[in-house]
Amino acid sequence: MMAPARRRLVGFGVAALVLAADKLVKWLMIGPLRLPQVQVIDLLPFFDLRWAQNFGVSFSLLSATSNESRWLLVGLTALIALGVLVWMLREQAMAEIAALGLVLGGALGNIHDRATLGYVVDYADLHFGEFRPFQIFNLADAAISIGVVIILARSFLSRDKRDQGDAGVPAKFERES
């Protein structure tokens, strides 16, 4: 079994990797690909690179329309990221630590955008004809979403296992296992 300190390093490594990859891809979009100028790059029949500036959080909620609201949103998301960091430091299970690393790295990438640019750079447009199952998003958003899905799935699955394990097992045997 991996030592707790090593598990934390893995979590920090995942967060750092997500942050670095997010910054690299956004640099590519803004710099070499010139996405703000060309607006759309068609890649596949169901996936485009499309320039979008997100002034809010998920689904453009809490849109920051002033400098004050921008920094309030930076502060709020930084507090959430701090909460994720504390959770990651307290967590024991490797899968949850890695998932929290995904969430932390994605959050830091979007916080960096909002602090330096005033908005979050979004560019990934998944669509099937006119149907878009998601808003335009970025790598940081994807990492956050995947991390949350992993945490939720493991939470539901571990609860199911506990419930199944308790069913029909006498209490004296339950304590011994």
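Conventions adopted
- Residues numbered from 1 in each chain as written.
- Predicted model: local features only at pLDDT ≥ 70, side-chain atom pairs only at ≥ 80, totals over all residues.
- Heavy atoms only, no water.
- Helix = DSSP H or I, 4+ residues; strand = E, 2+ residues; numbered from the N terminus.
- Contact = heavy atoms within 4.5 Å.
- Pairing = 2+ DSSP bridges.
- Axes fitted to C-alpha atoms, helices over the stretch in contact; angles between N-to-C directions.
- Phe/Tyr/Trp six-rings, centres within 6.5 Å; stacked < 30°, edge-to-face > 60°.
- Expected span 1.5 Å × (residues − 1).
- Buried < 20%, exposed > 50% of the residue type's maximum accessible area, 1.4 Å probe, protein only.
- pLDDT = per-residue confidence, 0-100.
- Left-handed = near helix turned anticlockwise from the far one by under 90°.

A short note on the side chain of D113
Right, on to step 1. Within the element layout of this structure, D113 appears in helix α4 (residues 94-117).
Right, on to step 2. The residues touching D113, leaving out its near neighbours within four places in the chain, are K23, K26, G118, Y119, V120 and V121.

Regarding the pairing of strand β1 (residues 40-44)
Right, on to step 1. Relative to strand β2 (residues 47-54), β1 runs antiparallel, the two being bridged by four bridges. Bridged to L44 within β2 is F47.
Right, on to step 2. With antiparallel pairing between neighbouring strands as the criterion, β1 and β2 make up a hairpin whose turn holds two residues.

Some thoughts on the sheet that holds β1
Right, on to step 1. On the basis of which strands lie adjacent, the open sheet formed by three strands has the order β1-β2-β3 and antiparallel pairing. Each edge of the open sheet carries a strand with a single partner, namely β1 and β3 (120-126). Taken pair by pair, the neighbouring strands of this sheet meet at an average axis angle of 30°, ignoring direction.
Right, on to step 2. Running over the sheet, helix α1 (residues 4-30) touches β2 and β3 and is turned about 85° from β3.

Here we look at the packing of aromatic side chains
Right, on to step 1. Going through the model one piece at a time under the given rule, you end up with four aromatic pairs.
Right, on to step 2. Centre to centre, the rings of F46 and F128 are 6.3 Å apart; their planes meet at 10°, and the pair counts as stacked. Placement of F46 in the loop between β1 and β2 and of F128 in the loop between β3 and α5 (139-166) is noted, with a sequence separation of 82 residues between them.
Right, on to step 3. Ring geometry for W51 and Y119: centres 6.4 Å apart, planes at 85°, overall edge-to-face. Taken as a pair, W51 in strand β2 and Y119 in the loop between α4 and β3 lie far apart in primary sequence, 68 residues in all.
Right, on to step 4. An aromatic cluster is present here, built from W51, F55 and Y119 joined pairwise through their rings.

What about α1?
Right, on to step 1. Taking 1.5 Å per residue, 27 residues should reach 39 Å; α1 reaches 39 Å between its end C-alpha atoms and fits that length.
Right, on to step 2. Among all positions of α1, only R7, R8, G11, A15, V18, D22, V25, K26 and M29 are buried.

Description of the confidence of the model for the protein
Right, on to step 1. Scored by pLDDT, the protein comes out at a mean of 89, with 86% of its residues at no less than 70.
Right, on to step 2. Per-residue pLDDT stays below 50 along residues 168-177; that stretch engages in two contacts with residues further than four places along the chain or on separate chains.

Looking at the packing of α1 against α4
Right, on to step 1. Where α1 meets α4, the axes come as close as 7 Å, and the angle between the chain directions of the two elements is 35°. Handedness of the crossing formed by α1 with α4: right-handed.

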